[in-house]
Amino acid sequence: MNLTELGYVAGWRLVRALPRSVVAATFRAGADRAARNNGAGTTRLRANLRRVVGPELPEAELDALVRRGLRSYARYWMEAFRLPTLSRRQILAGFHLGGADLLAADVAAGRGAVVACPHAGNWDAAGAWVAAAGLPITTVAERLKPEGVYERFLAFRQGLGMEILPSHGGPRPAFDVLLERLRAGTVVPLLADRDLSARGIEVDFFGGRTRMPAGPALLAIRTGAPLYVASLWYEPDMAYAQLEGPLPVPDPDSAPLDERVRILTQRIADRLAAGIARHPEDWHMLQRMWLDQRGSVDGGSAASPPPASTGSV
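It should be emphasised that the depicted structure is a prediction, and the values quoted were computed from it without experimental measurement. (Residues numbered from 1 in each chain as written. Predicted model: local features only at pLDDT ≥ 70, side-chain atom pairs only at ≥ 80, totals over all residues. Heavy atoms only, no water.)

A. Representation of the pairing of strand β2 (residues 113–117) in the model. When you tally the buried positions in β2, you get five out of five residues, the bulk of the element. Burial along β2 is two-sided: A113, V115 and C117 facing one way and V114 and A116 facing the other are all buried. Sheet topology places β2 next to strand β5 (residues 187–191); five bridges connect them, and they run parallel. Each bridged residue has a counterpart across the sheet, and for V114 the counterpart in β5 is V188. In this sheet, strand β8 (residues 227–234) lies alongside β2 in parallel orientation, the contact comprising three bridges. (Buried < 20%, exposed > 50% of the residue type's maximum accessible area, 1.4 Å probe, protein only. Helix = DSSP H or I, 4+ residues; strand = E, 2+ residues; numbered from the N terminus. Pairing = 2+ DSSP bridges.)

Structure (structure tokens):
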């Protein structure tokens, strides 16, 4: 077990053992320290939020937004560490999903649903809520190093009732399994706001060009499953999410497949942008986001995200 894995294990144990009020104050203090230190992750978050709010916002107000953003990110980590200790009743009471009735109807009809999500609010709590509500749920996680950390996050999410597929290295391609799950009536949430690989689809996003994964659009086109976009954010009492959609899917005769995927991915990007603009402080994007941003090193004073559900399938 290396130092990174030891850090995760220690965090999991300590955060579960201490009272929530003590842990929350500690995580807030850490977030404020990260804001003051202005390391690489904080600098990247500031640049990303500047794109969201535009050039007119005064620097002092942007500083305050970055501080709230880091506090929100710290809250995500705190709640992620504590989530496995919650009962089913506590999970259901501690998260609000607007549009849950749509997912329940899709599952009952046997058509499943694709949900495109941003790195915002608490997506783990959202997945746990869906599972606790009795809906089948399958998603994909990046297979990050060290392997021990990936395995612990895998066990964590599986323990919440989710089926987790590795983005690569599994016995079958994740995309093929997701096709089967959707056709069997499963909910498939995928993080969809960032894919800077060569496979990503170029889209306009807050006035700049970036790439987003093709997976959510392609799955919806291939299966006919409804495609929703989720907004995720925090209120003082709990984490929230709201589904929008289903999005209109281009007609099969309207354009070649790659063009239909591009059109639908742009529609996803537009809905994601609207949700992020409503709650910019809860968008946990501490990595390079736009193609014109310099540098390839992501991270810094704030922790890197955990192995995440991804649309790059």
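B. Structural context of empty space enclosed by the protein. For the structure shown, the criterion picks out two cavities of 30 Å³ or more. Breaking the lining of the largest cavity down by element, the ones donating at least two residues are β2, α7 (123–132), β5, β8 and β9 (239–244). Counting residues per element, the lining of the largest cavity draws most heavily on α7, which supplies five residues. Broken down by class, the residue content of the lining of the largest cavity amounts to 17 nonpolar, three polar and two charged. The calculated volume of the second largest cavity comes to roughly 40 Å³. Every residue along the wall of the second largest cavity is listed here: P118, A120, A230, S231, L232, G275, I276, H279, D282 and W283. (1 Å grid on protein atoms, 1.4 Å probe; cavity = no way out; pocket = protein on both sides within 12 Å on 5 of 7 lines; lining within 4 Å. Points joined across faces, edges and corners; volume = space filled by probe spheres on them. Nonpolar A, V, L, I, M, F, W, Y, C, P; charged D, E, K, R; others polar.)

C. Inspection of the side chain of D124 at higher detail. In this structure, D124 sits in helix α7. Residue D124 is classed as buried on the basis of its relative accessible area of 1%. Each residue touching D124, except ones within four places of it in the same chain, is listed here: Y76, A80, L83, F156, R157 and M162. (Contact = heavy atoms within 4.5 Å.)

D. How the structure looks around the pattern of salt bridges. As enumerated under the stated definition, the model contains 16 salt bridges in all. We note a salt bridge from R20 to E79, for which the minimum N-O separation is 3.4 Å. Placement of R20 in helix α2 (residues 20–37) and of E79 in helix α4 (residues 59–82) is noted, with a sequence separation of 59 residues between them. Taking relative accessible area as the criterion, E79 reaches 13% and is therefore assigned buried. A salt bridge links D106 to R111, with the shortest nitrogen-to-oxygen separation between them at 2.8 Å. Taking the relative accessible area as the measure of exposure, D106 reaches 3% and is therefore buried. Under the relative-accessibility criterion, R111 is labelled partly exposed at 39%. One network of salt bridges, in which partners are shared, links R46, R50, E59 and D63. (Salt bridge = Lys/Arg side-chain N within 4 Å of Asp/Glu carboxyl O.)

E. Structural context of unusual backbone geometry. Following G245, the chain continues to P246 via a peptide bond in cis, the omega torsion being 10°. The residue P246 is located in the loop between β9 and α11 (257–278) in this model. Of note in this structure, N38 is not a glycine but carries a positive phi near 55°. Structurally, N38 can be placed in the loop between α2 and α3 (40–53). By relative accessible area, which is 42% here, N38 ends up partly exposed. The residue F206 is not glycine, and still its phi comes out positive at about 50°. One can find F206 in the loop between β6 (201–205) and β7 (208–212).

F. Representation of the nonpolar core within the structure. Core analysis: the largest hydrophobic core is formed by 95 residues, its most contacted members being L97, L103, F205, L219, I268 and W283. Among the elements that line this core, the one with the most residues is α4, at eleven residues. Every residue in contact with F205, bar those within four places of it in the chain, is listed here: T210, M212, A269, L272, A273, I276, W283, M289 and W290. (Core = buried A, V, L, I, M, F, W, Y, C linked by side-chain atoms within 4.5 Å.)

G. Structural detail: the packing of α2 against α4. Relative to each other, α2 and α4 sit at 140°, their axes nearing to 8 Å. Relative to α4, α2 is oriented oblique. Handedness of the crossing formed by α2 with α4: right-handed. Along its contact with α2, which presents R20, V23, A24, F27, R28, A31, D32, A34 and A35, the element α4 presents R67, L70, R71, A74, W77, M78, E79, F81 and R82. (Axes fitted to C-alpha atoms, helices over the stretch in contact; angles between N-to-C directions. Parallel < 35°, antiparallel > 145°, perpendicular 65-115°, else oblique. Left-handed = near helix turned anticlockwise from the far one by under 90°.)

H. Main features of α7. Of all ten residues that make up α7, ten are buried, and the element is covered over most of its length. For α7, the N-terminal capping position is held by N122, with its side-chain oxygen 3.2 Å away from the main-chain nitrogen of D124. Trailing α7 by a residue or two, G134 shows a phi angle of about 90°, which is positive. (Polar contact = N/O pair within 3.5 Å; in protein donor to acceptor, adjacent residues only side chain to side chain.)

I. Spatial organisation of α4. For α4, built from 24 residues, the straight-helix expectation of 34 Å at 1.5 Å per residue is met to within 8% by its first-to-last C-alpha distance of 35 Å. Burial analysis of α4 places 17 of its 24 residues in the buried class, the great majority of the element. (Expected span 1.5 Å × (residues − 1).)

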